[in-house]
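Structural overview for review
Listed here are the chains, written in short residue letters.
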Amino acid sequence: MSLDSITTQSPHHVVIIGGGFGGLHAARELGRASSVKVTLIDKRNYHLFQPLLYQVATGNLSPGDIASPIRGVIGQNKNTQVLMGEVVDLDPADNKLYLKDGELSYDTLVVATGVTHHYFGNDNWAPVAPGLKTIEEALEIRRRIFSAFEKAEKEPDLEKRKALLTFIVIGAGPTGVELAGALAEMAHQGLKDCFHNIDPSEATVLLLQGADRILPTFPEDLSAKAKEELEGLGVTVRTNARAMDIDPNGVTVKSKLDDHIEYIGATTILWAAGVKASPMAEVLGNRTSVALDRSGRVMVEPNLTVADHPNIFVIGDVANFSHQGSESLPGLAPVAQQEGVYVAKLVQQRLQARTLPPFYYADSGTLAMIGRNQAVANLKFGKFSGFTAWVMWVFVHILFLIEFDNQILVMIQWGWSYFTRQGGARLITNRTSPEESSIEHESAVKV
């Protein structure tokens with residue numbers, strides 16, 4: 001079936017693949033244009049605020065608090081159509097996309113399909129060490145965490161109980177740091193007096209980092225402060241420690257300092273150590289011969305287009321933009337948002353035979369939550385830690401939520417959790433299927 005019968009080619013047809021931060025902001029900006037029509041395609045029917053997924057995984061928020069139906073966000077735009085589907089191929093010569101259930105033509109294509117987990121050639125680790133990119137994965141992690149405490153309550157064998165109460169987070173970027181901090185806070189404070197046979201405060205939360213410091217994209221003093229605050233929460237932080245093997249019962253760890261190898265028993269192992277581009281990047285590489293970086297991201301031009309294909313844009317996490325500074329732009333929400341708005345404006349300018357200067361990212365700073373009243377912030381106007389940074393983190397994350405009702409729900413839930421130290425969604429649900437855990441969206445958050 002051809003979808004062209006639904007979406008004709010006049011006026012100028014912009015097709016956006018991906019409803020993450022980049023794709024959604026491009027669609028919202030183009031929704032005001034009378035000279036274009038927009039089709040947004042996503043495998044899910046909702047936009048997901050990934051930076052707060054770790055709070056779903058640790059029972060502080062419910063999935064609905066951080067997700068917004070795409071149709072509810074942009075469906076009211078009269079020039080915009082939303083399709084739930086998956087793009088599997090394209091023909092740039094004919095300006096045509098191929099979906100699993102049809103095909104669709106475009107005049108301008110915007111690819112914003114994000115990233116997925118990268119196990120560096122060890123994909124067999126994925127079932128035992130899930131990452132955190134989707135609601136399904138967050139619910140599965142939540143199930144594993146709270147099931148571990150429930151099993152420990154019934155386990156008479158002390159060694160088995162110790163493994164059940166050991167939680168290992170691999171990777172100490174913002175996601176790993178925030179996840180480890182939330183785990184420690186929940187175990188050592190939130191679950192206090194909730195069990196009869198075990199003391200949750202005796203749980204071990206181990207954060208492993210292959211580099212010589214955590215939060216390596218932050219200044220060294222803030223990395224050191226974050227490590228100090230994590231340890232204050234009860235997190236054991238080990239840097240220069242590389243995971244050599246992972247199995248259902250634990251992790252084999254090698255020290256980069258003395259090559260010492262040890263096996264650490266744990267039944268809950270979480271992955272936050274790497275990402276790679278979504279499969280759509282490889283499709284673009286094959287069909288347009290565009291260069292891809294080591295993570296599979298598309299090397300884009302200064303105006304975010306694909307080389308020799310000026311009507312194909314790539315934005316967000318799946319793009320490698322290396323035209324501003326010595327390194328490529330990080331895969332963070334504000335980067336994707338600004339790129340989406342830029343592309344939408346450039347498309348409108350082109351339709352009037354005009355153009356725009358190359359894309360430039362206005363960087364305001366970076367934030368990472370550690371725990372209650374604790375965070376680090378590297379902002380354009382200064383560096384902060386502790387309570388001040390925590391207030392900034394809360395404000396920014398509320399601001400970045402797409403819909404007003406989500407902002408209200410999250411503020412109420414955070415207020416309740418702050419004063420009671422009780423999470424509002426500590427539920428154990430059924431295991432999700434692997435097929436349900438394969439969506440890509442932009443991740444992380446900045447100011």
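Residues numbered from 1 in each chain as written. Predicted model: local features only at pLDDT ≥ 70, side-chain atom pairs only at ≥ 80, totals over all residues. Heavy atoms only, no water.

Looking up the protein chain in an unreviewed UniProt entry gives the name NADH:ubiquinone reductase (non-electrogenic), with the organism given as Lyngbya aestuarii BL J. As recorded by UniProt, the Sequence similarities (unreviewed entry) comment attached to the protein chain reads in full: "Belongs to the NADH dehydrogenase family." (UniProt positions renumbered as here; feature names shortened; annotations may be inferred.)

With that settled, the discussion passes to the pattern of salt bridges. Tallying each qualifying case throughout the model produces 13 salt bridges. Its salt-bridge partner being E136, residue R44 comes within 3.5 Å of it at the nearest N-O pair. You can see R44 sitting in the loop between β2 (36-42) and β3 (46-48) and its partner E136 sitting in helix α4 (residues 135-154), a full 92 residues away along the chain. Classification of R44 as buried rests on a relative accessible area of 15%. Residue E136 is classed as buried on the basis of its relative accessible area, which comes to 13%. D293 is the partner of R297 in a salt bridge, and the nearest nitrogen-oxygen pair spans 2.8 Å. When its relative accessible area of 18% is taken as the criterion, D293 is described as buried. Among the charged side chains, a salt-bridge network with shared partners connects E140, R143 and R144. (Salt bridge = Lys/Arg side-chain N within 4 Å of Asp/Glu carboxyl O. Helix = DSSP H or I, 4+ residues; strand = E, 2+ residues; numbered from the N terminus. Buried < 20%, exposed > 50% of the residue type's maximum accessible area, 1.4 Å probe, protein only.)

What follows is about helix α9 (residues 333-350). For α9, with 18 residues, the first-to-last C-alpha span of 26 Å sits near the 26 Å given by 1.5 Å per residue. With respect to burial, α9 is a largely interior element, 13 of its 18 residues being buried. (Expected span 1.5 Å × (residues − 1).)

Once that is clear, we can look at the environment of S417. In this structure, S417 sits in helix α11 (residues 404-420). Once the C-alpha coordinates of S417 and G190 are considered, the two residues, 227 residues apart in sequence, prove to be 9.1 Å apart.

As a further point, take the environment of L165. With respect to the element layout, L165 can be found in the loop between α5 (158-164) and β11 (166-170). A relative accessible area of 7% places L165 in the buried class. As for L165 and F149, which are separated by 16 residues in sequence, their C-alpha atoms are 6.7 Å apart. Sequence-distant contacts of L165, that is, excluding residues within four places in its chain, are made with F149, A152, I198, A203 and T204. (Contact = heavy atoms within 4.5 Å.)

On to the domain arrangement of the protein chain, then. Here the domain parsing of the protein chain yields domain 1 (12-117 + 276-363) and domain 2 (124-273). The distance between the C-alpha centroids of domain 1 and domain 2 comes to 33 Å. In this complex, domain 1 contributes 15 residues to the contact, which on the side of domain 2 involves 18 residues. Of the roughly 1,500 Å² buried between domain 1 and domain 2, counting both surfaces, carbon and sulfur atoms make up 68%. (Domains from an automatic or database assignment. Buried area = accessible area lost by both parts, 1.4 Å probe.)

Let us now look at the sheet that holds strand β24 (residues 374-379). Pairing within the open sheet is antiparallel, and its three strands lie in the order β23-β24-β25. The open sheet has two free edges, formed respectively by β23 (365-371) and β25 (382-385), since each of these has just one partner strand. Averaged over all pairs of adjacent strands, the angle between strand axes in this sheet comes to 5 degrees, irrespective of strand direction. The pairing of β23 with β24 spans six bridges and is classified as antiparallel. (Pairing = 2+ DSSP bridges. Axes fitted to C-alpha atoms, helices over the stretch in contact; angles between N-to-C directions.)

Our next topic: the packing of helix α1 (residues 21-30) against α9. Put simply, α1 and α9 touch, their axes get as near as 7 Å, and they point 35 degrees apart. For the element pair α1 and α9, the recorded crossing hand is right-handed. Facing F21, G22, H25, A26, E29 and L30 of α1, the residues of α9 in contact are A333, A336, Q337, G340, V341, A344, K345, V347 and Q348. Here the residues of the contact of α1 with α9 are counted per class, giving eight nonpolar, five polar and two charged. (Left-handed = near helix turned anticlockwise from the far one by under 90°. Nonpolar A, V, L, I, M, F, W, Y, C, P; charged D, E, K, R; others polar.)

Another aspect to go through is a nonpolar patch on the surface. On the surface, F404, I408, M411 and I412 cluster together into a nonpolar patch covering about 410 Å² of accessible area. Within the element layout of this structure, I412 appears in helix α11. On the basis of relative accessible area, I412 is assigned to the exposed category, the value being 56%. (Patch = residues over 30% accessible without salt bridge, like charges linked within 9 Å, V, L, I, M, F, W, Y side chains within 5 Å. Areas by Shrake-Rupley, 256 points an atom, 1.4 Å probe, with all protein chains shown as cover.)

This brings us to the confidence of the model for the protein chain. The predicted model of the protein chain averages 91 in pLDDT, with 94% of residues at 70 or higher. Residue range residues 1-8 is modelled with pLDDT below 50. Its contacts to residues more than four positions away, or to other chains, number 20 contacts. The low-confidence segment residues 433-447 (pLDDT under 50) makes 73 contacts with residues lying over four places distant or belonging to another chain. (pLDDT = per-residue confidence, 0-100.)

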